[in-house]
There are 2 protein chains.
Amino acid sequence: MMNIKDWLSAPRTVCGIMTGTSLDGIDVAVARFSDFDGKHQYELIDYYTFDFPAELKSLAMRIIHEQIHISEFSEFSYLLARAYTDSVKQLIAKSKIDLKIDAIGVHGQTLWHRGEPTRGAIYTHPASLQAISFSAMAKWLEIPVVGNFREADTALGGHGAPLVPIFDYEFFRSTEENIICLNIGGISNITILPKNCTLTDLQAFDTGPGNVLIDNTMNILFDLSYDRSGQIAETGIISSELTNELKSNRFISQKPPKSTGREMFTLDYTKDLINKYSYKIQKEDFITTFTNFTALSIAENIKLFSMPADRIICSGGGANNKYLMKKLKEMIPACELVKSDVYNLPGDSKEAVCFAYLAYRTLGGLPGNIPSVTGATKETILGVIAV
Amino acid sequence: MMNIKDWLSAPRTVCGIMTGTSLDGIDVAVARFSDFDGKHQYELIDYYTFDFPAELKSLAMRIIHEQIHISEFSEFSYLLARAYTDSVKQLIAKSKIDLKIDAIGVHGQTLWHRGEPTRGAIYTHPASLQAISFSAMAKWLEIPVVGNFREADTALGGHGAPLVPIFDYEFFRSTEENIICLNIGGISNITILPKNCTLTDLQAFDTGPGNVLIDNTMNILFDLSYDRSGQIAETGIISSELTNELKSNRFISQKPPKSTGREMFTLDYTKDLINKYSYKIQKEDFITTFTNFTALSIAENIKLFSMPADRIICSGGGANNKYLMKKLKEMIPACELVKSDVYNLPGDSKEAVCFAYLAYRTLGGLPGNIPSVTGATKETILGVIAV
């Protein structure tokens, strides 16, 4: 149906839009993708993070956590389409380059995700719901929109996640080095790319907390949303007692494939730890200890489950936390730690560029999931296309 | 993006699936469409109405009428995809012909629809939500699925309905006769096609009740779901007093464009009328009177708002009600009343065939809405495509 040959025959400018579960921003990136006999290249053209509208955020939180009338879900889908549309228009307006966008890949807002089959539910299989009105966006912008990337993978028995590994594989695998792509968002995850790997050699999984414990604590103790550059972490002392309690979390050394979410590291979980330890350690020490533990959990997963890495390519907000990066470097001294920025991919833009790339693959008739990573029965073209 | 030329260059076999708001069945039709220099032809190949799974029906009713957790909506979308998938597989299995289906057009289940802009809502514009997991269906059947036809029209300010008129226009307009396509489902609607009309001459709107008053009353007074062939209606007497009360409904003579739904002719509305008149008229008389009024409201709309019709092509369950058809013929004696069956389109299959045709148009890069009918700002390609 799709004119595959035509799509891949010329470089395509694709916009990617990502809004994560933290609902803290709308990441918009525009990249140009090219196909050279099946090998792809990307070039980041522009990106920006727009505010997530407050009214929309509270509606999303209500839909996720409360009982709602279905009309609220319908309204949210259109409203998010409008917010995404406005963001794209603003990026085009503020860009120094005359952006001619061929297609848009959108993640949509996850309102429900269940990677594992569940007994008790009426539909017991994996399920994933990312809200956004694709057609509304496509009509308002007059650009084809591709989205709903997770559903096809879940329909084939997969977790519908992670989807970033195909991007890591395509653009960061090496014939000379063992590479790990590390993304430190709320949760940390890694893609392991052994030298000369094929798709089936690849591993990808969550390692545990990313910024979530640090951000929660900054929020509770400092009334700030995050520890800029790790400045607070630099001033405290690591509590070995708190570290030991954190290390008792079985997830850290659990064998992959594995995935976690904020539900394992909630605000309540953080509050409980703060209450338990606040009589013996300082405010700053919590930040230092949580940051150190975050590095530790990443390093531990790499030591346990990866080949020795020559290079770790870091992205996500956590890559800007100098204390976190310093600790990680101390824990895995043998490998080079670089930010994805050196590959013309600022850490904040990576997920948005990934979803642009997934759209590029779908329109090119190429599969986007990796069965060995998601658990799906086979690789498949992901998503729906609104023309 | 779509390879338009290739799609229209050969006849395509498309399956259409419709489930209406009454949730009483899954209509599945398979038709072959051909393009002859822009003029289309259809050939119905097979069709069948499958039971709507009871568990799924009660879940849908709960989502429509109650407060729910969003996970229930997600589950419903996958479960409906499975029910649709099973229906397609069963049709293929029971068909005498070796069905090779190129694409599927699905309506999905309407869980929320608001054709008019509404003050007070957060999103004040028209909105429409048809649930179904497109990707799950596409992957389970390994056939591209097109759906979500209403959203694009609402995004352009239209009601997202009616969508059947493009089908009526394409296949039933005439250079020799004034044609009306009449569909008598729960609600009745007509498409008016003046001789030699163009798209902008076309009118389409709801005329008032279809089977809804009759079915409600059969349910309340006879514990049956409908009046087969109008047998009960044949035995009663028309109550002029009840008819006069029904005629006072302003919707009947309201100027088009107009649309109604079951909310205007609810079970409670029917019950109130029965309570009010049951001391003076017989059970059968209610059926006769409601059936006569249904014919009257259709005839009245045609007299008020249409050119004199040469031919009325009837579809929907009501076309099988002989008393209703007889009354309608008496009220509009000058025109010929035929069932769509004479066009190789059994009335029960029409809406499913329409959605197959809408998918055919979308994949051919052709618009599917008619702005003068829906109120959208322009004609546009409808829907999303799951590959």
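Residues numbered from 1 in each chain as written. Chains lettered and ligands numbered in written order. Predicted model: local features only at pLDDT ≥ 70, side-chain atom pairs only at ≥ 80, totals over all residues.

## Points about the relation of the copies chain A and chain B
One copy of the chain maps onto the other through a rotation about an axis plus a displacement along that axis. The two copies are related by a screw motion: chain A maps onto chain B through a turn of 180° and a shift of 0.1 Å along the axis, at an RMSD of 0.1 Å. Look at the turn and shift together and you get a two-fold axis relating the two. An overlap of 100% is found between the interface residues of chain A and their copies at the interface of chain B, pointing to a shared contact surface. (Least-squares fit on C-alpha atoms with pLDDT ≥ 70 in both. Contact = placed C-beta atoms within 7 Å.)

## A closer look at the sheet that holds strand β4 (residues 103-106) of chain A
Strand pairing in a sheet is mediated by backbone hydrogen bonds. Such pairs are either parallel or antiparallel. The strand order across the open sheet formed by 12 strands is β3(A)-β2(A)-β1(A)-β4(A)-β7(A)-β13(A)-β13(B)-β7(B)-β4(B)-β1(B)-β2(B)-β3(B), and the pairing between neighbours is mixed. Edge positions in the sheet fall to β3 (39-50) of chain A together with β3 (39-50) of chain B, since each has one partner strand and no second. Adjacent strand axes in the sheet meet at a mean angle of 25° when their direction is disregarded. Alignment of strand β1 (residues 12-18) of chain A against strand β2 (residues 26-36) of chain A, held across seven bridges, turns out to be antiparallel. Each bridged residue has a counterpart across the sheet, and for Val14(A) the counterpart in β2(A) is Ala31(A). Against the sheet, helix α3 (residues 70-94) of chain B touches β1 (12-18), β2 (26-36), β3 and β4 (103-106) of chain B, its axis set at about 65° to β2(B). (Pairing = 2+ DSSP bridges. Helix = DSSP H or I, 4+ residues; strand = E, 2+ residues; numbered from the N terminus. Axes fitted to C-alpha atoms, helices over the stretch in contact; angles between N-to-C directions.)

## Comments concerning the packing of helix α11 (residues 283-305) of chain A against helix α12 (residues 322-331) of chain A
All names here are of chain A. Two numbers describe how α11 lies on α12: the axes approach to 9 Å, and their chain directions differ by 40°. Judged on the interaxial angle alone, α12 and α11 are oblique. α12 is crossed by α11, and the crossing has right-handed handedness. Contact residues: Thr291, Asn292, Thr294, Ala295, Leu296, Ile298 and Ala299 in α11; Tyr323, Leu324, Lys327, Leu328 and Met331 in α12. Here the contact of α11 with α12 is built from residues that sort into eight nonpolar, three polar and one charged. (Parallel < 35°, antiparallel > 145°, perpendicular 65-115°, else oblique. Left-handed = near helix turned anticlockwise from the far one by under 90°. Nonpolar A, V, L, I, M, F, W, Y, C, P; charged D, E, K, R; others polar.)

## A short note on the pairing of strand β11 (residues 311-315) of chain A
Side chains on a regular strand alternate between the two faces of the sheet. Residues and elements named next belong to chain A. With four of its five residues buried, β11 lies for the most part within the structure. Both strand β8 (residues 179-184) and β11 contribute to a ladder of five bridges, which runs parallel. Counted as the bridge partner of leucine 182 is cysteine 314 from β11. For β11 and strand β12 (residues 336-339), the ladder comprises four bridges, and the chain directions are parallel. Bridge pairing in β12 places cysteine 314 opposite lysine 339. (Buried ≥ 20, exposed ≤ 12 C-beta atoms within 10 Å, placed from the backbone.)

## Points about the sheet that holds strand β10 (residues 203-209) of chain A
Residues and elements named next belong to chain A. Pairing is mixed in the open sheet, where five strands are placed in the order β10-β9-β8-β11-β12. Edge positions in the sheet fall to β10 and β12, since each of these pairs with one other strand and no more. Averaged over all adjacent pairs, the angle separating strand axes in this sheet is 25°, with direction ignored. Note: β8 against strand β9 (residues 187-193), six bridges, orientation antiparallel. Note on β9: the bridge partner recorded for cysteine 181 is threonine 191.

## Here we look at the environment of Leu224(B)
Structurally, Leu224(B) is set in the loop between α7 (212-222) and α8 (231-235). For the pair Leu224(B) and Ala127(B), spaced 97 residues apart in the sequence, the C-alpha separation amounts to 35 Å.

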